[in-house]
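# Structural description and commentary
If you want the building blocks of each chain, they are given just below.
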Amino acid sequence: MEPAFSVLKSPGFALDDGGPNHYGRRFFSPEQDDPVDAPTAGHPKALSLGALVTEGKTKKIFRINGSDLVSVVAKDDITAGDGAKHDVIPDKGQLATATTCNVFRLLKACGLPVAFEEQNSATSFIAPPCTMLPYEVVVRREAHGSALKRSPHYAKGQLFPKLLVEFYLKTKDKDWKGKPLVADDPYMQYEDGGAQIKLFNPAKPIIGSEPFMTLSTADVFSHPEEYKFFPEMRKIARQAFLILERAWALEGGTLVDYKVEFGFDAKGTLLLADVIDNDSWRVLAQGSYIDKQVYRDGGTLDTVAAKYRQVAETTSHFRLPRQRIILWRGSESDKTDAFSAALGDLKDMMTVVTCSIHKEPIAGANILNKLIQEVPDTVVIAFIGRSNGAGPVLSAQSTVPVITVPASAKDFPEDVWSCLRAPSKVPVMTVLEPSNAVLATLQILSARNPRIYAAVRSEIESRMVNTLTI
Ligand code: OK8
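Everything quoted here is computed from the prediction, not taken from an experiment.

## Some remarks on the overall build of the protein chain
Check the secondary structure of the protein chain and you find 13 helices and 24 strands. Across its three principal directions, the C-alpha atoms of the protein chain cover 80 × 55 × 45 Å. Counting across all 470 residues of the protein chain, residues that qualify as buried make up 38%. Within the protein chain, contacts between residues separated by at least 24 positions form 60% of all contacts whose residues are at least 6 apart in sequence.

## Quick look at the nonpolar core
Within the largest apolar cluster, 108 residues are counted, with the highest numbers of intra-cluster contacts made by Leu107, Ala240, Leu272, Trp328 and Ile381. Considering each element in turn, this core owes the most residues, 10 residues, to helix α5 (residues 229-250). When neighbours within four sequence positions are excluded, Ile381 is seen to be in contact with Ile325, Leu327, Trp328, Phe339, Ile403, Val405, Ala437 and Thr441.

## So, the site of the ligand
The full set close to the ligand counts 20 residues, and Thr79, Gly145, Ser146, Asp257 and Lys259 are the nearest of them. Contributing elements (two or more residues each) for the shell around the ligand: β4 (77-80), β9 (135-142), α3 (146-150), β16 (254-264) and β18 (281-285). Here the shell around the ligand gets three residues from one element, more than from any other, and that element is β16. By residue class, the composition of the shell around the ligand is five nonpolar, six polar and nine charged. Here the shell around the ligand spans two domains, since at least three of its residues come from each of domain 2 (49-133 + 230-315) and domain 3 (135-221).

## Things to note about the sheet that holds strand β3 (residues 70-74)
Whenever strands of a sheet pair, they do so through backbone hydrogen bonds, lying parallel or antiparallel. Read from one edge of the open sheet, five strands run β1-β2-β3-β7-β6, paired in antiparallel fashion. Across the chains shown, the open sheet's two edge strands, defined by having one partner strand only, are β1 (49-55) and β6 (118-121). Between one strand and the next, the sheet's axes are offset by a mean angle of 35°, whatever the strand orientation. In this structure, β3 lies alongside strand β7 (residues 124-127), joined through four bridges in antiparallel fashion. Across the sheet, Ser71 pairs through a bridge with Ile126, a residue of β7.

## A closer look at the sheet that holds strand β21 (residues 350-354)
Spatially, β21-β20-β22-β23-β24 is the arrangement adopted by the five strands of the open sheet, whose pairing is parallel. In this open sheet, the two edge strands, each paired with only one partner strand, are β21 and β24 (429-430). Two strands pair when backbone bridges link them, and strand β20 (residues 324-329) and strand β22 (residues 378-384) are joined in this way by six bridges, in the parallel orientation. Residue pairing across strands places Trp328 opposite Ala382, the latter belonging to β22.

## Things to note about the domain arrangement of the protein chain
Entries for the protein chain in the domain assignment read domain 1 (5-29 + 321-460), domain 2 (49-133 + 230-315) and domain 3 (135-221). For domain 1 versus domain 2, the separation of C-alpha centres amounts to 40 Å. Counting residues at the interface gives eight residues for domain 1, matched by 10 residues for domain 2. In terms of residue class, the side of domain 1 that touches domain 2 is built from three nonpolar, one polar and four charged.

## Here's the deal with the environment of Gly298
Mapped onto the elements, Gly298 comes out in the loop between α6 (293-296) and α7 (301-315). In the structure, Gly298 is positioned 27 residues away from Leu271 in sequence and 34 Å away in space, judged by C-alpha atoms.

## Describing the pairing of β4
Two elements, β4 and strand β5 (residues 85-88), share four bridges in a ladder whose sense is antiparallel. By the bridge assignment, Ile78 is partnered in β5 with Asp87. The turn linking β4 back onto β5 is made up of four residues, and Gly81 within it adopts a positive phi angle of 60°.

## Thoughts on the environment of Glu55
With respect to the helices, strands and loops of the structure, Glu55 is situated in strand β1. Judged by the 12 C-beta atoms lying within 10 Å of it, Glu55 falls in the exposed class. Sequence spacing of Glu55 and Arg386 is 331 residues, and the spatial spacing of their C-alpha atoms is 68 Å.

## Digging into the pairing of β22
Taken across its seven residues, β22 has seven buried, putting it largely inside the fold. Alternating residues of β22 divide into Thr378, Val380, Ala382 and Ile384 and Val379, Ile381 and Phe383, and every residue in both groups is buried. Sheet topology note: the β22/strand β23 (residues 402-406) ladder contains five bridges and is parallel. In the strand pairing of β23, Ile381 is matched with Ile403. In terms of handedness, the path from β22 via helix α10 (residues 390-397) over to β23 forms a crossover that is right-handed.

## Structural notes on helix α13 (residues 450-461)
Here α13 spans 16 Å end to end across 12 residues, near enough to the 16 Å set by a 1.5 Å rise per residue. Looking only at α13, the buried set comprises Pro450, Arg451, Ile452, Tyr453, Ala454, Ala455 and Arg457. Looking at the packing, one finds that the buried side of α13 touches α2 (92-109), α5 and α12 (434-446).

## Details of α7
End to end, α7 covers 21 Å across 15 residues, agreeing with the expected 21 Å (1.5 Å per residue, within 8%). Every buried residue of α7 is accounted for by Val304, Lys307, Tyr308, Val311, Ala312 and Thr315. Buried residues in α7, looked at end-on, bunch into an arc of 135°, giving them a common side. Turned more than 90 degrees from where α7 packs its buried face, Asp302 and Thr303 sit exposed. Where α7 is buried, its residues contact β4, α2 and α6.

Cut-offs applied
- Residues numbered from 1 in each chain as written.
- Predicted model: local features only at pLDDT ≥ 70, side-chain atom pairs only at ≥ 80, totals over all residues.
- Helix = DSSP H or I, 4+ residues; strand = E, 2+ residues; numbered from the N terminus.
- Buried ≥ 20, exposed ≤ 12 C-beta atoms within 10 Å, placed from the backbone.
- Contact = placed C-beta atoms within 7 Å.
- Core = buried A, V, L, I, M, F, W, Y, C linked by C-beta atoms within 7 Å.
- Near = placed C-beta within 6 Å.
- Nonpolar A, V, L, I, M, F, W, Y, C, P; charged D, E, K, R; others polar.
- Domains from an automatic or database assignment.
- Pairing = 2+ DSSP bridges.
- Axes fitted to C-alpha atoms, helices over the stretch in contact; angles between N-to-C directions.
- Right-handed = clockwise from strand over helix to strand, strands pointing away.
- Expected span 1.5 Å × (residues − 1).
- Arc of directions from axis to C-beta.

Have a look at this one:
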């Protein structure tokens, strides 16, 4: 039966001792190259900008003539405290655009719905036009900034093993549709499906305090079923945070919180929209902020510019690594379905090899060496029935981790011993359940892969509870 994952029918490479036809039937070699788009070198798209759609503190959005898309143009302005502090930093627009494009390319490569097409100039990128939702969605891994004001019992840097996701109502001039507010961007409490949105001063302790205003959802929602999108916004905001958390960690930084915004495209699809640049997050490097917090805290404009440059440069390294999971089976009777099911969306990473190491040890060694030469960052799962020589032999012959799953252990538990008590220099690992073998594989690969890290971590976080050290 045809496997469910993507396969290449013709052999991915020729082997020197049997020829492609002979080995071609034995394994499928899906092409899975680094899917992060290359930055648009030289930004060749000379576009004619049309009408100004909207202008904010740090960007302008223009229609693109002859197209359904818009151009998001970054300005050199930097603001804080809702405009109370304002400066202009030459090149800030360029650095902000570079950062947003680096971030959005990575998120898109990870399969997230992002309002981003491509960078079209040093200070702009092309995006689908979006009807924006009036929320700032903040995700926190640690307590910083306004979290410390609302929850003074948090120590600065308090770690949240389960990410906090918060909603703030986006407002201007302390006004919501004619209703005066005590502060802009109030903290929202909204129970999914409820009829009310409670607003709190974002800079005041929340425990024991009453909302300063309660709005009906009809006053806030512009989409008839807007409430249905809250779980989706939370999920996407968390997922994107996890991807960026790992991407930053691989570059030596710690993403501690960020703010994102959402919009609907012309078809009504919810997209992560606006920008994610160095104004959107707090990132620590060697214990110090390298983001807009430096500006909020009174850093000189030269220092702020240097941090923005550092962040634009660092985020240009954000990428997905080339990795592969080899599912090695001894016979076509060893069914791969449990493995592709456990991999879910990641099943395109799997290459299936069918080769009995007992019967064809030289051919097996050649296949293994060739595949690892192609993609060194590989984990092998050896799914072998009966006497399991393959797992230990593959493990002894390669530098990559090999996890063996004894295929027949249910009916013949004694088969387990053929891979469990391995000789010296045979570091094979044995896992009975295919789904756990897949998870162990993903854990290994997640260290270097933001997409896999996000997938593994988000499931763990659904079971996490935050406890506070007071
Ligand atoms: C925000 C996380 C941290 O205030 C301005 O002038 C800029 C304004 C804007 O127009 O985008 N920015 O309103 C903003 N609010 C929160 N955050 C923003 N960028 C980020 O969200 O990473 C902030 O950098 C939590 O922030 P906190 O702790 O202040 O609630």
